Amino acid sequence: MTEFDFDVIVVGGGVAGSTCAYLLGKEGYEVLLIERGVEPGSKNLSGGVFYCQVMQQIFADFLESAPVERKITRNTLCFLNETSAVSVDYWDQRLQEPTNAVTVLRAKLDPWLAEKCEEVGVTLMPGIKVDELVLEDGKVVGVRSDEDVLRAKVVVAADGVNSFLAQYAGLREKPEKSHLGLGVKSVIRIGEEQIRARFNTVEDQGVAYAIVGDCTKGLPGGGFLYTNKDSVSIGVVVMLEDLSKSEKVSSQVHDHFLTHPFIAPFLADGELLEYGCHLVAEGGEVMQQDLVHDGLVLIGDAAGFTLNTGFTVRGMDLAAGSAQAAAQAIIAALQAEDYSKAQLNKYVENYQNTFVGKDMHTYRKAPAFLEHNHEMYGEMGKFLADTLYGIYNLDLTARKSLVATAWAALRKSNLRIRQLIRIGYQAVRSL
Amino acid sequence: MVKYDPGTVPERLAGNVYEVDEGNSHIEIDQEIAKRTGGGKLIVRICPAHVYSEREDGTIDIEFAACLECGTCLAVAPKGMLKWHYPNSSMGVMFREG
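This write-up is about the structure you can find in this document. Keep in mind that this is a model prediction, so the values were computed, not measured.

In terms of regular secondary structure, chain A is built from 17 helices and 19 strands. For a compact globule of 431 residues, the expected C-alpha radius of gyration is about 22 Å, and chain A comes in at 23 Å, within 12% of that figure. Counting only C-alpha atoms, chain A reaches 90 × 45 × 40 Å along its principal axes. Within chain A, buried positions represent 58% of all 431 residues. Considering only contacts within chain A whose residues lie at least 6 apart along the sequence, 74% involve residues at least 24 apart. If you sum the accessible surface of chain A, you get close to 17800 Å²; carbon and sulfur atoms cover 50% of it.

Take a look at the structure:
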C-alpha cells in the first residue's frame, strides 16, 4: 500500500490554488500548497478587477480584511482613436452595495489568501518549483521538485495559464497561439488625492476603463486602466497570433497607449512602481479540455477559465469558482477513496452547474467575435467620433440632421452598412 | 504637471526586484532555427522585457535575468527553437505589485 505524504497537493498559490487548498483544509484534510515564488503573489499578475461576490461567499470577511484596492462603482467603455475617444461612462450607486467588483494587486492579495490557508491547517511550501507530476501506471500520484517526491491522493494543477505540469506529463496540449493574449502592464503611483480628482471618485470607490482601438494600434485586444488606492494599473492585452503576424513591438504598443493624448493626463507626475507582463487565456470554453485525469484536476488559468466579454474581463472570479467545484469533487473522491478520472469528473459536472461553466458557455462565441470583427479596433471608433464631430463642430456651416451626419461619417469611413449589421448581429449572438 | 514618460525597458526593469540565478539561464535557443525561420526576430520584438536581442550576424543574445516569466516567447517560437521553463525555486522576478 503506497504511503501518501498528503491527501491533496495543490500546485500554484494563486487565486484558484489558494481557494481550493483553503476549502479542502477547512474540511480537515491534509493539504500541501506549493508555490514557486518566494511568497505567493510574487509570480502573479492580474489587470486586475476581481468580481468578488464569490470570494465573499467563501471568506466571510473578504471585503473587510482582504487587501483590496478600490470598490469599482464606475465602468467606462471607450473607443480610442489617434486623436479622439468615444466612451460610454456608467456609474451606478447600486454597484456600491453589495460591492461586486474590487481592484486588487496580486502581490498583496495572494499572501493574504495563503495566510487564510495556513489558518485552516494547510501546509504552505513557498519558494519551491514543482518540476513535474509523478505518474504510476498512468495515474498521477504526486509531484517532483528536484530530487524530492511528494505523494498525494489527488494533485490539483493550479499552475497558471502555461499549464506546464499537465503538458509535460502529456496530459494536455500546449495552448494555441490563437487562444492566448499577451498582457503588458504598468502600475503607476499618482497619489490618493489625484486618483480622486482625476477619476472623480470618493472614499474607497474606483473606476475601471475598458478600451479598444488605438490602445493596441488596431490589433485585436484592448487597453485597461484601473484605479488602485493610490496608483493606477494600466496596460494592454494583445492577441498573440495577431501580434506575431504584425511587425509590432509589444513594449511599444504598451508605451503608445500610456502616452496617448487622451490617456497621458491620467498619468501625469506618476511614478512607475512596477512593469510586468503575463499571458492571458483567451480561447474561452474550448480550452476546458483534458481537465481531469486519474489523480489530477486542473483549475483556474491552467484550465483556461478566463473570459473577456468586451465589457468585463474576468479570470479571478472564475478561478475561485473552479476551485469551489474542484474542492467539492475532491472531497467526494476522498470520502469514496476513489481518485479515478471517472470519480473526479464530478468537478466538471460541478462547475457546469455554476456561473463558471454557464458563463463560459454563454460567452463561448465571444473570443471569435472579438477576434474576427476587426472593425471594432479602428473603423468603428473613428465612425463614432466622426459622427459626434459632425454634431459638435459648429463651424458656421449648416448642420445636417443626426442621421445625415452619421451617414456622412459612415461614407467617409471604410465601414459599410452590411459590416455594421454583421457586427451588430454577431455581437447580439456572442456577447 | 510632468507628462508621464515610460522610459526605456531596461530603465523600467531596474525598478523591479529579481533574484537572479547567476550563471544558470532558464532559456536556451537553437540559433540555427532562429535564423532560418525568422523566429529569432519574432521573439526579439515580442518579449516585453527585451530579454532577446539580435546581433548583426543574426545571433540571438539572451538576457535571462530580465525575464518576467510570461512564457510568450515559448508560445510563439517555431518548433524546437526554444528550451524554456520557469526559473528554479525562488529564482527570477518577484512582483511587488502584480
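There's plenty left to go through after this.
Moving on, we get to helix H8 (residues 250-258) of chain A. Taken across its 9 residues, H8(A) has 7 buried, putting it largely inside the fold. Where H8(A) is concerned, the buried positions are A:Ser250, A:Ser251, A:Val253, A:His254, A:Asp255, A:Phe257 and A:Leu258.

Tallied over the full model, the rule gives 15 aromatic pairs over all chains. Both rings, one in A:Phe59 and one in A:Trp112, keep their centres 5.5 Å apart while their planes meet at 65°; by these two values the pair is edge-to-face. On the criterion of sequence distance, the pair formed by A:Phe59 in the loop between helix H2 (53-58) and helix H3 (62-65) and A:Trp112 in helix H4 (residues 106-119) is long-range, its members being 53 residues apart. By relative accessible area, A:Phe59 is classed as buried at 1%. Ring geometry for A:Phe62 against A:Trp112: centres 5.7 Å apart, planes inclined by 75°, an arrangement best described as edge-to-face. In this pair, A:Phe62 sits in helix H3 while A:Trp112 sits in helix H4, placing the two residues 50 residues apart along the sequence. The buried category is assigned to A:Phe62, whose relative accessible area is 0%. Residue A:Trp112 is classed as buried on the basis of its relative accessible area of 9%. Linked through ring pairs, A:Tyr22, A:Phe50, A:Phe59, A:Phe62 and A:Trp112 together constitute an aromatic cluster. The ring of B:Tyr86 carries A:Arg36 above its face, with NZ or CZ at 3.5 Å from the centroid.

The grouping of A:Leu388, A:Ile391, A:Tyr392 and A:Leu402 at the surface amounts to a nonpolar patch, some 420 Å² of accessible area in total. Sort the elements by how many residues they give to the nonpolar patch and helix H15 (residues 379-392) of chain A lands first, with 3 residues.

Residue and element names in this part refer to chain A. With respect to the helices and strands, the residue Thr73 is situated in strand E4 (residues 71-80). At 3.0 Å, the side chain of Thr73 forms a polar contact with the side chain of Gln205. Those residues in contact with Thr73 that lie beyond four places of it in its chain are Tyr90, Trp91, Asp92, Leu95, Gln96, Gln205 and Gly206.

Okay, the environment of A:Gln96 next. Residues and elements named next belong to chain A. Mapped onto the elements of the fold, Gln96 is located in the loop between strand E5 (85-91) and strand E6 (102-103). Spatially, the C-alpha atoms of Gln96 and Gly283 are 31 Å apart, while their sequence positions differ by 187 residues. With near-sequence residues (within four places) excluded, Gln96 lies in contact with Thr73 and Gln205.

Think of it this way: side chains of opposite charge can pair up when their charged atoms draw near. Enumeration according to the criterion identifies 28 salt bridges over all chains in this entry. A salt bridge links B:Glu69 to A:Arg36; the shortest N-O distance between them is 2.6 Å. Placement of the pair is B:Glu69 in the loop between strand E4 (60-62) and helix H4 (72-76) and A:Arg36 in the loop between strand E2 (31-35) and strand E3 (49-50), with the two residues belonging to separate chains.

Calculation rules
Residues numbered from 1 in each chain as written. Chains lettered and ligands numbered in written order. Predicted model: local features only at pLDDT ≥ 70, side-chain atom pairs only at ≥ 80, totals over all residues. Heavy atoms only, no water. Helix = DSSP H or I, 4+ residues; strand = E, 2+ residues; numbered from the N terminus. Rg over C-alpha atoms; globule rule 2.2 N^0.38 Å. Buried < 20%, exposed > 50% of the residue type's maximum accessible area, 1.4 Å probe, protein only. Contact = heavy atoms within 4.5 Å. Areas by Shrake-Rupley, 256 points an atom, 1.4 Å probe, with all protein chains shown as cover. Phe/Tyr/Trp six-rings, centres within 6.5 Å; stacked < 30°, edge-to-face > 60°. Lys NZ or Arg CZ within 6 Å of the ring centre and 35° of its normal. Patch = residues over 30% accessible without salt bridge, like charges linked within 9 Å, V, L, I, M, F, W, Y side chains within 5 Å. Salt bridge = Lys/Arg side-chain N within 4 Å of Asp/Glu carboxyl O. Polar contact = N/O pair within 3.5 Å; in protein donor to acceptor, adjacent residues only side chain to side chain.

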